[in-house]
Amino acid sequence: MPILLFLIDTSASMNQRTDLGTSYLDIAKGAVELFLKLRARDPASRGDRYMLVTYDEPPYCIKAGWKENHATFMSELKNLQASGLTTLGQALRSSFDLLNLNRLISGIDNYGQGRNPFFLEPSILITITDGNKLTSTAGVQEELHLPLNSPLPGSELTKEPFRWDQRLFALVLRLPGLASMEPEQVGSVPTDESAITQMCEVTGGRSYCVRTQRMLNQCLESLVQKIQSGVVINFEKTGPDPLPVGEDGLMDSARPSNSFAAQPWHSCHKLIYVRPNSKTGVPVGHWPIPESFWPDQNLPSLPPRTSHPVVRFSCVDCEPMVIDKLPFDKYELEPSPLTQYILERKSPHTCWQVFVTSSGKYNELGYPFGYLKASTTLTCVNLFVMPYNYPVLLPLLDDLFKVHKLKANLKWRQAFDSYLKTLPPYYLLPLKKALRMMGAPNLISDNLDCGLSYSVISYLKKLSQQTKLESERILASVGKKPPQEIGIRVKNHSGVGVSLTHSKNFRKLLKEIIGESAPRLTELNTKEFAGFQLGLLNKDLKPQTYRNAYDIPRRGLLDQLTRMRSNLLKTHKFIVGQDEDSLHSVPVAQMGNYQEYLKTLASPLREIDPDQPKRLHTFGNPFKQDKKGMMIDEADEFVAGPQNKVKRPGEASSPLSSKRRRNVTVIPEVHEEKMENGQLTPDGFLSKPAPPELMNTAGDGIPHNQLDSLSDDFACLRKDGLIHKPGTNAILGGSKSGSVSVEDRKVSGTSALGTVANALQITPAMAQGINADIKHQLMKEVRKFGRKYERIFILLEEVQGPLAVKKQFVEFTIKEASRFKRRVLIQYLEKVLEKIDSHHHLNNVNHINSRSSC
């Protein structure tokens with residue numbers, strides 16, 4: 001998840017105007033908004049975190065930090081004002097401290113245990129400034145200096161204030177105040193010559209000299225492309241240069257090579273890309289980059305490390321080594337003179353080994369931990385990170401698997417133990433995991449030693465606890481305004497003696513009286529101010545409406561001054577229900593932000609019936625619908641296989657068609673507490689759980705033989721319109737026609753349901769309510785993902801009313817399914833609809849025949 005921190009110059013020099021009439025600060029605000037729009041085009045921007053820092057005094061310079069949302073970020077950005085000094089060094093230090101706030105708590109830096117490139121928080125720090133002289137309270141500074149003292153615990157463990165996954169980019173505004181008559185230059189944007197350029201290059205970034213609006217847009221598009229997940233490494237050449245390569249790709253010893261002249265590719269300060277895993281979205285790795293010291297139990301403290309590890313590469317061509325099942329890490333290098341030189345050699349089958357100085361115990365240069373190699377297609381250069389001293393380990397493991405067949409003899413054991421002595425202690429755990437992944441026996445003891453002394457480990461734990469407290473303090477101050485100095489100045493016109501305002505005790509007493517601190521009568525020294533009488537605040541005194549200051553009596557001056565201060569600062573509400581002025585001065589851009597207003601409201605009470613569907617708020621649109629369910633989760637193709645499968649005579653009937661329903665009809669307001677092999681559905685009806693054959697967890701739809709049984713089950717209707725389940729005497733509901741009166745229903749209900757014990761009579765009003773609830777449940781079921789349709793057919797069976805009503809419900813379900821493109825479900829419903837139509841036609845024919853016979 002990338003972190004984008006914007007450091008905006010809010011010094012007074014940002015008020016200068018361009019030829020368009022806009023100030024530099026307005027251009028900086030517009031640049032940030034345009035950058036966010038360009039970044040939003042990338043789907044990966046959903047996980048971005050935005051921070052905002054200014055040139056104010058810390059900790060008030062942090063306007064949006066770790067906990068603030070995007071709305072707060074935009075609000076603080078729009079409210080920025082330019083005033084003060086150009087304290088760039090202090091602002092940069094505060095920005096890096098904000099980024100490093102949680103690193104010691106999470107253990108991402110892994111001090112003393114190797115550097116893991118896959119443990120990172122990729123951060124881009126973008127500062128927008130005018131490039132003028134750096135000013136502070138001490139004067140004008142020619143060079144950029146960052147304060148060495150940091151309030152963040154553990155900052156002494158790293159020499160620089162930044163880390164290897166943090167890069168600084170600067171947009172230096174050089175827009176003229178008058179329109180230029182010269183034609184605009186087209187091409188790449190040059191770097192700026194201000195003091196911040198060197199700082200950007202040290203972190204792996206760069207600066208941009210912006211002279212026109214077009215150049216600013218070009219820089220913003222370039223910065224969007226710079227958002228990459230990776231870490232910065234210093235690559236340094238060690239040893240002589242390689243032999244030149246001819247046009248045929250072979251070594252040409254006849255061509256001279258200058259090994260002593262410095263070349264650009266000898267030292268490169270570039271990024272290696274750490275790609276996230278395609279499945280988890282998080283980078284995954286196995287091996288660290290070694291530390292530049294050997295961990296020892298006798299070390300009283302950890303030596304400070306550099307932000308960027310110095311990796312030295314030897315130009316001796318070697319064969320790239322790898323064995324089966326041994327994990328390794330592969331990182332692509334950012335294009336640089338080094339990558340260009342390696343690709344020009346056209347040697348994809350050779351590699352250059354890499355080292356870290358002083359990483360070994362018995363070797364000053366250390367042992368190789370990987371190699372640089374060009375890709376087979378000669379398009380990029382990759383850094384392969386292997387186990388430490390891999391040229392010794394890989395042959396041993398190859399012999400263990402191929403020669404000894406995982407049964408190590410004494411000679412192999414001695415060679416492996418000798419290799420472990422050259423291995424830094426923090427490599428033991430990843431090596432043990434790698435051997436377990438390969439299927440090798442347990443060759444390393446379970447009692448692993450990290451190599452750090454007890455005092456160092458205790459010190460790191462103590463730093464972690466201190467960092468938590470400091471983090472809470474800094475985060476609590478985010479968004480707060482710096483305190484303003486407010487006081488009363490009394491000028492002494494007597495010219496004799498010292499004014500009372502210069503007395504420390506008098507100023508203290510004055511603050512206590514006017515309400516800035518609680519008065520302490522025991523500390524009053526009345527002897528020092530003989531002849532003075534101090535009047536304390538009287539809360540029972542009624543408010544006065546003086547029009548002239550001279551009308552206030554002498555004894556009420558201090559009390560009236562307290563009221564005046566309270567009215568001016570508006571620290572109290574004198575009117576019940578009085579709104580703040582900010583509520584009536586909301587910007588137009590925030591007037592429609594109803595979601596933020598909802599967050600400030602109190603939590604609503606629990607619904608009386610949690611099974612009832614929740615209603616959406618209709619703020620601004622009474623026809624608003626829930627957009628969450630309007631998604632397509634089915635493929636365009638239909639289910640493969642025969643669509644009209646005919647049921648064989650010898651096959652057994654579906655469990656669904658032969659299941660027995662309980663013979664009690666229940667309305668939604670009635671719930672059974674005890675169920676026999678059944679469950680209480682959300683619509684208030686009792687239904688047995690669907691058989692295992694009907695539960696479709698693979699997403700292939702309902703089998704067609706069960707669909708036939710469902711259709712038969714749904715179409716088993718008697719002539720009187722009541723659903724009759726095969727194999728049972730229970731009548732599930734319905735009526736002969738929709739015109740039967742309520743009195744007829746009461747009379748016929750007793751006879752029709754006389755054999756059913758404790759049955760409840762369903763009135764037309766009840767049936768209408770049941771159908772309305774079923775309709776809502778059908779809409780919810782159709783919206784659900786997957787192809788589990790058995791619940792839909794159960795709901796259709798429980799529809800109350802004649803056959804025409806049931807047909808309307810099936811047609812309604814088909815329309816809902818077409819809205820969400822449930823093609824497979826539409827097929828099943830159309831098949832049910834055909835059987836209902838055929839049954840309805842059969843009932844009409846029987847009715848005509850019965851009338852003709854009469």
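In this report, the structure presented in the accompanying data block is examined. (Residues numbered from 1 in each chain as written. Predicted model: local features only at pLDDT ≥ 70, side-chain atom pairs only at ≥ 80, totals over all residues. Heavy atoms only, no water.)

Check the secondary structure of the protein and you find 21 helices and 17 strands. Here the protein holds 854 residues, and the buried ones make up 42% of them. Taking as baseline every contact in the protein between residues at least 6 positions apart, the subset at least 24 positions apart corresponds to 73%. If you sum the accessible surface of the protein, you get close to 50000 Å²; carbon and sulfur atoms cover 54% of it. (Helix = DSSP H or I, 4+ residues; strand = E, 2+ residues; numbered from the N terminus. Buried < 20%, exposed > 50% of the residue type's maximum accessible area, 1.4 Å probe, protein only. Contact = heavy atoms within 4.5 Å. Areas by Shrake-Rupley, 256 points an atom, 1.4 Å probe, with all protein chains shown as cover.)

All right, on to a nonpolar patch on the surface then. Where nonpolar side chains cluster on the molecular surface, the patch consists of V586, V588 and M591 and spans about 300 Å² of accessible area. Within the secondary structure layout, V586 lies in the loop between α13 (557–569) and α14 (594–600). Look at V586 and you get partly exposed, because its relative accessible area is 31%. (Patch = residues over 30% accessible without salt bridge, like charges linked within 9 Å, V, L, I, M, F, W, Y side chains within 5 Å. Salt bridge = Lys/Arg side-chain N within 4 Å of Asp/Glu carboxyl O.)

A sheet is described by the order of its strands in space; here 6 strands give the open sequence β3-β2-β1-β4-β7-β8, paired in mixed fashion. Strand pairing shows two members of the sheet lacking a second neighbour, β3 (62–64) and β8 (207–210), which therefore form its edges. Pairs of neighbouring strands in the sheet enclose a mean axial angle of 20°, with direction left out of account. Both strand β1 (residues 3–8) and strand β4 (residues 123–129) contribute to a ladder of 6 bridges, which runs parallel. Of the residues in β4, the one forming a bridge with I3 is S123. Helix-sheet contacts for helix α2 (residues 70–78) involve β1, β2 (49–53) and β3, and the interaxial angle to β2 is about 30°. (Pairing = 2+ DSSP bridges. Axes fitted to C-alpha atoms, helices over the stretch in contact; angles between N-to-C directions.)

Okay, the packing of aromatic side chains next. All told, the structure shown has 19 aromatic pairs when counted by the stated rule. Ring centres 5.8 Å apart and planes at 40° place the aromatic pair Y50 and F73 in the tilted group. Placement of Y50 in strand β2 and of F73 in helix α2 is noted, with a sequence separation of 23 residues between them. F73 carries the same exposure label as Y50, and that label is buried. A connected cluster of aromatic rings, assembled from ring pairs, spans F6, F35, Y50 and F73. Sitting over the ring of Y208, R206 keeps its end group 4.0 Å from the ring centre. Here the basic side chain of K775 rests over the ring of F812, its NZ or CZ set 4.6 Å away from the ring centre. (Phe/Tyr/Trp six-rings, centres within 6.5 Å; stacked < 30°, edge-to-face > 60°. Lys NZ or Arg CZ within 6 Å of the ring centre and 35° of its normal.)

Moving on, we get to the side chain of S94. Take S94: it is sitting in helix α3 (residues 88–99). If we ignore the near neighbours within four places in the chain, the residues touching S94 are P58 and C61.

With that out of the way, let us pick up the environment of K270. One can find K270 in strand β10 (residues 267–273). Taking the relative accessible area as the measure of exposure, K270 reaches 29% and is therefore partly exposed. Beyond its immediate stretch of four places on either side in the chain, K270 contacts V231, V232, I233, E334, P335 and S336.

Next up on the list: the sheet that holds β10. Reading around the circumference, β9-β10-β12-β15-β14-β13-β11 is the order of the 7 strands in this closed barrel, with mixed pairing throughout. Neighbour-to-neighbour, the strand axes of this sheet turn through a mean angle of 35°, independent of strand direction. As defined by bridge partners, strand β9 (residues 230–238) adjoins strand β11 (residues 310–314) across 5 bridges and the pair is classed as parallel. Each residue of the ladder has a partner; that of K237, found in β11, is F313. The strands that helix α7 (residues 337–345) touches are β9, β10, β11, β12 (329–333), β13 (351–355), β14 (370–374) and β15 (381–385); relative to β14, the one it contacts most, it runs at about 65°.

This paragraph deals with the packing of helix α8 (residues 390–402) against helix α9 (residues 410–421). Contact pair α8 / α9: the axes reach a minimum separation of 10 Å and the direction vectors enclose 155°. Comparing the axis directions of α8 and α9 gives the class roughly antiparallel. Relative to α9, α8 is oriented so that their crossing is left-handed. In contact with V392, L393, L396, D399 and L400 of α8, α9 contributes W412, A415, F416 and Y419. Counted by class, the contact of α8 with α9 contains 8 nonpolar, no polar and 1 charged residues. (Parallel < 35°, antiparallel > 145°, perpendicular 65-115°, else oblique. Left-handed = near helix turned anticlockwise from the far one by under 90°. Nonpolar A, V, L, I, M, F, W, Y, C, P; charged D, E, K, R; others polar.)

As a further point, take unusual backbone geometry. Omega for the bond connecting P58 with P59 falls within 30 degrees of zero, at 0°, which places this linkage in the cis form. Secondary-structure assignment places P59 in the loop between β2 and β3. Positive phi, close to 55°, is recorded for K346, a residue that is not glycine. Along the chain, the position of K346 falls in the loop between α7 and β13. Here L378, not a glycine, exhibits a phi torsion of approximately 60°, which is positive.

This brings us to the pairing of β14. In terms of burial, β14 is a largely internal element, 5 of the 5 residues being buried. In β14, alternate side chains face the same way, and those of G370, L372 and A374 on one face and Y371 and K373 on the other are all buried. Across 4 bridges, the pairing between β13 and β14 is antiparallel. Directly across from C351, in β14, lies its bridge partner K373. Sheet topology places β14 next to β15; 5 bridges connect them, and they run antiparallel. Looking at the pairing, K373 lines up with N382 of β15. Linking β14 back to β15 in an antiparallel pair, the connection comprises 6 residues, with L378 at a positive phi of about 60°.

Here we come to the nonpolar core. If you look at soluble globular proteins, the nonpolar side chains tend to sit buried side by side. Among the nonpolar cores identified, the biggest contains 55 residues, and F235, F313, L338, F369, L372, L383 and F416 are the most heavily contacted of them. Ranked by residues supplied to this core, first place goes to α8 with 6 residues. Beyond its immediate sequence surroundings of up to four residues, F313 is in contact with F235, E236, K237, T238, W265, H266, L338, W352, Q353, V354 and L372. With 38 residues, the next largest nonpolar core counts F73, F169, L175 and V189 among its residues. (Core = buried A, V, L, I, M, F, W, Y, C linked by side-chain atoms within 4.5 Å.)

Looking now at the state of the cysteines. Scanning the entire structure with this criterion turns up 0 disulfides. Left without a disulfide partner, C219 is nearest to the cysteine sulfur of C209, which lies 8.9 Å away. (Disulfide = S-S within 2.5 Å.)

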